[in-house]
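Chain and residue survey
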Amino acid sequence: MKNTRRDFLKASVLASGSLFIPTFLKGFDVGTHRLGKEQGKVLVIIQMSGGNDGLNACVPYRNDIYYQSRPTLAVKDSDVLKLNDEIGFNPVMEPMKALFDDGLVSVINNVGYPDPNRSHFRSMDIWQTASGAKEYLSTGWLGRYLDLTCKDCNPYHALEMDDTLSLSMKGVESSGFAVGNLAQLKKTTGSPFLKTVAHHHDHAHEENVAYLYRTMASTISSADYLYEQAKTFSTKTVYPGNKLGKTLKQVAELIIAGTDTRVYYVNFDGFDTHARQRGMQDNLLKQYALAMKAFTDDLRTHNLIDDTLVMTFSEFGRRVKQNASGGTDHGTANNMYLVGGGLKNPGVFNSGPNLLDLDNGDLKYEIDFRRVYATILKNWLGVKDGGVLGRKFELLDVV
Amino acid sequence: MIISPQLKIQHLFWRAGFGLSPKEFSIYHDWSIDKTVDHLMKASVNPEPFGQVKPAFQTREELRRLSEEEKKQLQKMNRNTLGKLSVSWLERMGDPNRPALIEKMTLFWHDHFASDSKLPHFSVKQQNTIRKHALGNFRDLVLAIAKDPMMIQYLNNQQNKKQRPNENFARELMELFTIGIGNYTENDIKEAARAFTGWTTNLRGEFVFRSNWHDYGLKTFMGKSGRFDGDQIIDIILERKETAQYIAGKIYRFFVNEKIDVSRVNDLADRFYRSNYDIGQLMAYIFKSDWFYSSENIGSKIKSPAELIGGMIRTLGLEFEDFRSLLFTQRALGQVLLKPPNVAGWPGGKAWIDNATLMVRLNLAGWLFDSTEVNFKLKEAPEMRSYNLKNRKIKATIDIEPIINAFSGYPENVLFAKLSGYLLQSGLVADASKLERFVSDESKEKFIASLVLRLMSLPEYQMC
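Reading the values: the criteria
- Residues numbered from 1 in each chain as written.
- Chains lettered and ligands numbered in written order.
- Predicted model: local features only at pLDDT ≥ 70, side-chain atom pairs only at ≥ 80, totals over all residues.
- Helix = DSSP H or I, 4+ residues; strand = E, 2+ residues; numbered from the N terminus.
- Buried ≥ 20, exposed ≤ 12 C-beta atoms within 10 Å, placed from the backbone.
- Contact = placed C-beta atoms within 7 Å.
- Nonpolar A, V, L, I, M, F, W, Y, C, P; charged D, E, K, R; others polar.
- Axes fitted to C-alpha atoms, helices over the stretch in contact; angles between N-to-C directions.
- Parallel < 35°, antiparallel > 145°, perpendicular 65-115°, else oblique.
- Left-handed = near helix turned anticlockwise from the far one by under 90°.
- Pairing = 2+ DSSP bridges.
- Core = buried A, V, L, I, M, F, W, Y, C linked by C-beta atoms within 7 Å.
- pLDDT = per-residue confidence, 0-100.
- Expected span 1.5 Å × (residues − 1).

A closer look at the overall build of chain B
The number of helices and strands found in chain B is 22 helices and six strands. If one aligns the C-alpha atoms of chain B with their principal axes, the spans along those axes are about 80 × 60 × 35 Å. Here chain B holds 464 residues, and the buried ones make up 50% of them.

A closer look at the interface of chain B and chain A
Chain B puts 43 residues into the contact, and the matching count from chain A is 44 residues. Counting residues per element, the side of chain B that touches chain A draws most heavily on helix α18 (residues 355–370) of chain B, which supplies six residues. Across the side of chain B that touches chain A, the residue classes tally to 21 nonpolar, ten polar and twelve charged.

Some words on the packing of helix α1 (residues 5–15) of chain B against helix α3 (residues 33–44) of chain B
All names here are of chain B. One can describe the packing of α1 onto α3 by two numbers: an axis separation of 11 Å at closest approach and a directional angle of 20°. When the interaxial angle is binned, α1 and α3 end up roughly parallel. Of the two elements, α1 crosses α3, and the hand of that crossing is right-handed. Where α1 approaches α3, its residues K8, I9 and L12 are matched on the opposing element by I33, T36 and V37. Residue composition of the contact of α1 with α3, grouped by class: four nonpolar, one polar and one charged.

A look at the sheet that holds strand β4 (residues 88–89) of chain A
All names here are of chain A. With antiparallel pairing, three strands are arranged side by side in an open sheet as β2-β4-β3. The sheet is open, and its two edges are formed by β2 (58–59) and β3 (81–82), each paired on a single side. Here two bridges tie β3 to β4, and the two strands are oriented antiparallel to one another. Bridging across to β4, K82 finds its partner in G88.

Quick look at the pairing of strand β10 (residues 334–340) of chain A
Successive side chains on a regular strand alternate, one facing one side of the sheet and the next facing the other. Residues and elements named next belong to chain A. The element β10 is largely enclosed, with a buried count of seven among its seven residues. Here β10 shows a buried face lined by N334, M336, L338 and G340 and a second buried face lined by N335, Y337 and V339. Both strand β5 (residues 105–112) and β10 contribute to a ladder of five bridges, which runs antiparallel. Looking at β10, one finds that V105 is bridged to V339.

What about unusual backbone geometry?
Among all residues except glycine, the phi angle is most often negative; among peptide bonds, the trans geometry is most common. Residues and elements named next belong to chain B. Backbone geometry at N46 places phi at a positive 50°, although glycine is not the residue there. Following the sequence through the fold, N46 ends up in the loop between α3 and α4 (60–65). Using a count of 10 C-beta atoms within 10 Å as the deciding quantity, one classes N46 as exposed. Even without a glycine there, the phi angle at L338 is positive, about 70°. Mapping L338 onto the fold places it in the loop between α17 (323–333) and α18. Judged by local crowding, L338 falls into the buried class, with 21 C-beta atoms found within 10 Å.

A closer look at the nonpolar core
With 250 residues, the main nonpolar core has A:L43, A:V266, A:L338 and A:I376 as its most contacted residues. Those residues in contact with A:L43 that lie beyond four places of it in its chain are A:R262, A:V263, A:L309, A:M311, A:I376, A:W380 and A:L381.

Digging into the environment of A:D306
Residues and elements named next belong to chain A. With respect to the helices, strands and loops of the structure, D306 is situated in the loop between α12 (277–301) and β9 (308–314). Sequence separation between D306 and K41 is 265 residues, and the spatial gap between their C-alpha atoms is 8.4 Å. Setting aside anything within four residues of it in sequence, one finds D306 in contact with G341 and G342.

Describing the pairing of strand β1 (residues 42–48) of chain A
All names here are of chain A. With seven of its seven residues buried, β1 lies for the most part within the structure. Covered by surrounding structure in β1 are V42, V44, I46 and M48 together with L43, I45 and Q47, the residues of both alternating faces. Looking at chain direction, β1 and β9 are connected through seven bridges and run parallel. From the neighbouring strand, V44 faces β9, where its bridge partner is V310.

Some details on the packing of helix α5 (residues 94–101) of chain A against α12(A)
All names here are of chain A. Between α5 and α12, the shortest axis-to-axis distance is 7 Å and the interhelical angle comes to 40°. It follows that α5 is oblique to α12 by the angle criterion. Seen from α5, the contacting residues are E94, P95, M96, A98 and L99; seen from α12, they are A289, L290, M292, K293 and T296. In terms of residue class, the contact of α5 with α12 is built from seven nonpolar, one polar and two charged.

Observations regarding the confidence of the model for chain B
In this model, chain B carries an average pLDDT of 94, and 97% of its residues clear a pLDDT of 70 or more. The complex model carries a pTM of 0.90, and its ipTM stands at 0.94.

What about the confidence of the model for chain A?
Across chain A, the average pLDDT comes to 90, with 90% of residues at or above 70. With pLDDT under 50 throughout, residues 1–39 of chain A is counted as low confidence; its partners more than four residues away or in other chains account for 70 contacts.

A few points about helix α10 (residues 168–177) of chain B
Residues and elements named next belong to chain B. Counting buried residues along α10, nine of its ten residues qualify, which places the element largely inside the surrounding structure. Residues of α10 that are buried: F169, A170, R171, E172, L173, M174, E175, L176 and F177. For α10, the secondary structure elements touched by its buried residues are α6 (100–112), α8 (138–146), α11 (186–195) and α12 (230–239).

What about helix α5 (residues 68–93) of chain B?
Since the α-helix advances by 3.6 residues per turn, residues separated by three or four positions end up pointing in the same direction. End to end, α5(B) covers 38 Å across 26 residues, agreeing with the expected 38 Å (1.5 Å per residue, within 8%). Turning to α5(B), its buried residues number three or more, namely B:L82, B:G83, B:S86, B:V87, B:W89, B:L90, B:R92 and B:M93.

Points about the environment of A:K151
Residues and elements named next belong to chain A. Considering the arrangement of structural elements, one finds K151 in the loop between α7 (141–149) and β6 (158–160). Judged by the 11 C-beta atoms lying within 10 Å of it, K151 is exposed. The spatial distance from the C-alpha of K151 to the C-alpha of S174 is 7.2 Å, given a sequence separation of 23 residues.

Concerning the environment of B:L143
Residues and elements named next belong to chain B. Examined against the element boundaries, L143 turns out to sit in helix α8. Sequence spacing of L143 and I234 is 91 residues, and the spatial spacing of their C-alpha atoms is 7.2 Å. The residues touching L143, leaving out its near neighbours within four places in the chain, are D231 and I234.

Written as structure tokens, this is what we have:
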């Protein structure tokens, strides 16, 4: 841990040269796969921002402590959609239950990290950079993955469906590509002034100026390419009309059109439910389940579900006890959902939270989230996980 | 490449500040370097404080008495105050009537001693402390930071007690603030942490030494033994030449070039060490050195968002109707002042740039000149929610008159070269002949205004 942190900091302080790779990363033999192209695997990440209350999504419906801790907030056991004899989905996630029954879902319980941080900002940074709680990294885990495996890739090989790029997608040399609204981006990059400048300029001798011109040119060409790709295929599947539904529809259309993108990053906001949580969170979970069902159906229709993996996470869960405002406060460990046709052990992966053994009212983590990342990097994207994560994590038998 | 005296002066103003306003340009463009440096240094000694914010509550007891609703209101108020402070700092950077060097030095140290707080009076206090020592003595600065409430809270020195030492501050003190990695042992951290036990703060933002928490025992630190306290630990760290080396390197990367020139940094470190860590003396030496003005150093730095925005305010005399416009812009560009990402500060350099931030940068002048709808959405950030920064117009007024006054005396055939020389430190890379059709020829005034807009929309304008 010490060495990792030191080297990362060195990287953040000293990184200036064009070919800078943190030294500790050089020690790992990075796989030569280009974003899993051979397998054509696609990874979709859904980030539930705000701290999804996992206990009300995957309900420990036989646990008295759960019901005692949440007198007005708990999901009634009779309403729960049972996944096994311990936990079950919130009833609003009925479409997700159908996917579960088809063997397309893995629920991983008690995922977190040591010394959990309860600030949204900081905990999200930890998840996005794949750092420890006391390390500060300036690159994201997917950014480093691009740095190590994707020197010659197109900029849109990792796509964030938003106007701003998350830290998770930032590397030193390579970064993901942010596009919240394709038509809007096309309009911005299509400005006659921008195009003229991009096409008519001298060779820039200064390295940073050249870098800016390169980034500008690649943004324009990527916007053109993605805009065309989006027109290639228009799905018949009906998606929910909310933002997540629209975004996943766009992702599905790009995947089905054969777009040369291997990682899609989707933000899903609104999970900071300190007050009157039940209605708010239920609504979000319902949107999620409906959108996931439509997305999965779409890819099934096109025989692409086996090559697609959706990973859903949130920066933390909530505390076990409800608060005085009918909500929950920031917590720690949480569940994660994997959805797709390539799951090794679909179902409930491990036992649910132990509510008898809490850390000052919070769930204790059992699985470090970086084990999930490592597994996906190695087994799904086909790269050596240690090179991206800075050290080895024990893999999970999920994909 | 021939480097004109004007380019040198502009280089100095960009690196020691935020460029030149049109009026400053008219005044200083033919001054000698030595005279200008002396002038800038003199203007920045005894700086005005950043301000005063009264704490909303004095004691934990008062805080406990607040209802949930009152606490929420208080948090919201604090967030708003911090947002306004962040913006007001940018406006200072852009204010040609204020000395810029002190703002630039404070920005450097804010990034170096990166920390934040939800309490505005903590934030302001650290600002004032940094300003006081920014061009003074580095030892005084480090010691003041070690006693700074925001830093104490941020790096958990509040929990650093004899019975249970917390090493967080001691570690960052050496790793990031002074001597740098590789020059101390894990045991040095443990021993230093003991020396800082009992260095705490109260909620009013005052340093409180708690003698009953302090470890008065014998410590062995960097090969020396004694009953050290924090002051002496800092002295021992500063006796080591590596500290001068580390700080000189960081100053070089920020003010001169991201790429280190080893022999120059060694020379700077020598001087810094020999001067007993006199920051002002070091800065004056750098700014007066010939090599500072060599072609590889001019226009080679990607402006940080603060430099970009501060510079635009200075050049265009921008005034914003709503502080949230500038908060929005800061967030869209990836740097919110008074809220560094973590204790290591902003990564800087190319890390400022991705496809999204570059498009914002290239469109920013357009948003300001035309007050057009900003078609750019920020992500929801729970801890920033009360600002309501989603997708808004940037309402700002531009004062273009001073630029017109400064440049309309030139004949039309040289105006283009004059203006691009004024605005672009890296020189024009875009094909000038192709830019013509984007510039108004209705009148000289419109020509100048539209050309300024276009030049500010170029990748070259991102450089300083």
